[in-house]
Amino acid sequence: MPRFAANISTMFADRPFADRIEAAAAVGFKAVECQFPYEVGADELKRRLVEAGLELVLLNTPPGDFAAGERGLAGLPGREADFRAALERALEYAQALDCPRIHVMAGVLPAGRSKAECVGVCKANLGHAAEACAQAGRLALIEPINTRDIPGYLLNTPAEGAALIAELRQPSLKLQFDFYHTQIMAGDLAKNFERHLGIVGHVQIAGVPGRHEPDTGEINYPYLFELLDRLGYSGWVGCEYVPAGDTIEGLGWAYRYGIAPQPTLLATGGERV
């Protein structure tokens, strides 16, 4: 049976960020992941994780200037110092929170720069990130992201990610395989996953096309979850979807996998009565 981690950047969004940890535990999740935890102190997040009995299994490197459209720094020419600072911050949080995986965000192709130039910069930065993560006992992950959600993102398909990993030959550099992004950009999900299984360091899910619960849209997730078991994938499956409504009310898909809200958890606020 797959092991599911709630993404607390996209789920339980009606609660303050740190409160989402308790909310995830209350509905039966054993782990959480997140995108950018940096607005909450690592000590506070660690306390919340310990109290809830949850693991944090994934976080992202800081994206740069998010408001200006930046979605990662690894592939941005001239931003190498900023990238190293962002990586160091991610490593500090990963160390404090016992988080084993860091998604190293490649970034959006800047105006006036060629993709070949940016890929070259990305290779050098990923090589550094892989070495730094290995020294810290972590995995560095790269995630292909679809061009509909993030136009101009540097890596778009599992094949592109796999090519980088093969070229860099760093054991600590793995592929973050998101079925949502892969369906939009490449399709053939079962074969694509099987083809790249040897380098997969983490899996994520969401419905297509709306990026809502995995029981909505065109992807047959029950089949894919059985495939993960059949292929022997034992890692976490991150639920990086945006609930169509209330997070708890949308968890019907997860009941068969042991995730269900406690009766005393209110749908709004997470208070116990």
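Each chain carries its own residue numbering, running from 1 in the written order of its sequence. Only residues with pLDDT of 70 or above have their local features reported here, since the model is predicted, and side-chain atom pairs are shown and tallied only from 80 upward, although totals for entire chains, interfaces and linings are computed over all residues. The side-chain numbers reported here are obtained from all heavy atoms of the structure, hydrogens and water having been left aside.

Caption draft 1: Structural view of the packing of aromatic side chains. Two aromatic rings from Phe, Tyr or Trp, using only the six-membered ring of Trp, form a pair when their centres are within 6.5 Å; if the ring planes differ by under 30 degrees the pair is stacked, by over 60 it is edge-to-face, and anything between is tilted. A full pass over the atoms with the stated rule returns 15 aromatic pairs. Ring geometry for Phe4 against Phe225: centres 5.1 Å apart, planes inclined by 75°, an arrangement best described as edge-to-face. Separated by 221 residues along the polypeptide, Phe4 in strand β1 (residues 3-7) and Phe225 in helix α8 (residues 221-231) bring together distant segments of the chain. Per residue, the accessibility class of Phe4 equals that of Phe225, and both read buried. An aromatic cluster of three or more residues is present, and its members are Phe4, Phe177, Phe179, Phe193, Tyr221, Phe225, Tyr233, Tyr241, Trp253 and Tyr257. The ring of Trp236 is capped by Arg3, whose NZ or CZ atom sits 4.1 Å from the centre of that ring. Should the NZ of a Lys or the CZ of an Arg lie within 6 Å of a ring centre and within 35 degrees of the ring normal, that charge is described as sitting over the ring. A cation over a ring is seen here: Arg71 above Phe66, with NZ or CZ 3.5 Å from the ring centre. Every helix listed is a DSSP run of H or I at least four residues long, and every strand listed is a run of E at least two residues long, numbered separately from the N terminus. Only protein chains enter the accessibility calculation, which uses a 1.4 Å probe; a residue whose area is less than 20% of its type maximum is buried, one above 50% is exposed, and one in between is partly exposed.

Caption draft 2: The pairing of strand β9 (residues 236-239), seen in detail. Residue alternation in β9 divides its side chains into two sets, Trp236 and Gly238 and Val237 and Cys239, and both sets are buried. Sheet topology places β1 next to β9; four bridges connect them, and they run parallel. Paired with Arg3 across the two strands is Trp236, which belongs to β9. Pairing between two strands is assigned when DSSP locates at least 2 bridges connecting them. Across three bridges, the pairing between strand β8 (residues 200-205) and β9 is parallel. The partner of Ile205 across the bridge, within β9, is Cys239. The handedness of the β8 to β9 crossover, carried by α8, is right-handed. Convention used here: a crossover is right-handed provided that the path from the first strand, over the helix, to the second strand proceeds clockwise when the strands point away from the viewer.

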